[in-house]
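What follows is the residue order along each chain.
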Amino acid sequence: MGPRHGRSRGAAAARAQVRETSRKPDELYPLLERLSPGTRKLEVFARQHNVRPGWVSLGNQLAGVQILDPDMRERYEAKYGALPAKEAAG
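Cut-offs applied
- Residues numbered from 1 in each chain as written.
- Predicted model: local features only at pLDDT ≥ 70, side-chain atom pairs only at ≥ 80, totals over all residues.
- Heavy atoms only, no water.
- Buried < 20%, exposed > 50% of the residue type's maximum accessible area, 1.4 Å probe, protein only.
- Helix = DSSP H or I, 4+ residues; strand = E, 2+ residues; numbered from the N terminus.
- Pairing = 2+ DSSP bridges.
- Salt bridge = Lys/Arg side-chain N within 4 Å of Asp/Glu carboxyl O.

Undergrad: Just checking my understanding: could you explain the pairing of strand β2 (residues 55-58) for this structure?
TA: It is a general feature of regular strands that their side chains alternate between the two faces of the sheet. Where burial is concerned, the two faces of β2 differ: the one with Trp55 and Ser57 is buried and the one with Val56 and Leu58 is not. Taken together, the four bridges between strand β1 (residues 41-44) and β2 define a ladder with parallel strand orientation. Within β2, the position partnered with leucine 42 by the bridge is valine 56.

Structure, rendered in structure tokens:
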């Protein structure tokens, strides 16, 4: 008999308190770090409170362009020009 739908070995679940609308649980980030160590992660619809090292964060509620990864900053500046000094510092 095969596995039941919706269940798999090694499945991870996070329990977290419900917070304001659309805010992801803080418990989610360490779980994702463990599932995919040493890789870049993408935070879509990011807000300033969930910008974190090692993640690419995109969102219309972020203040300007902040690129902390040196390789990614170099590629961005090669295509779009230098970041303003205030934004380049991250």
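Undergrad: Any chance you could explain the pattern of salt bridges here in plain terms?
TA: Pairing between side chains of opposite charge can happen when their charged atoms approach one another. All chains considered together, the criterion is met by five salt bridges. In this structure, the salt-bridge partner of arginine 40 is aspartate 69, at a minimum N-O distance of 3.1 Å. Note that arginine 40 is positioned in the loop between α1 (28-35) and β1 and aspartate 69 in the loop between β2 and α2 (70-80), a separation of 29 residues in sequence. A relative accessible area of 44% means that arginine 40 is categorised as partly exposed. Looking at aspartate 69, the relative accessible area reads 29%, which means it is partly exposed. Between arginine 75 and aspartate 71 there is a salt bridge, and its shortest N-O distance comes to 3.2 Å. Placement of both arginine 75 and aspartate 71 in helix α2 is noted, with a separation of four residues, approximately one turn of the helix.

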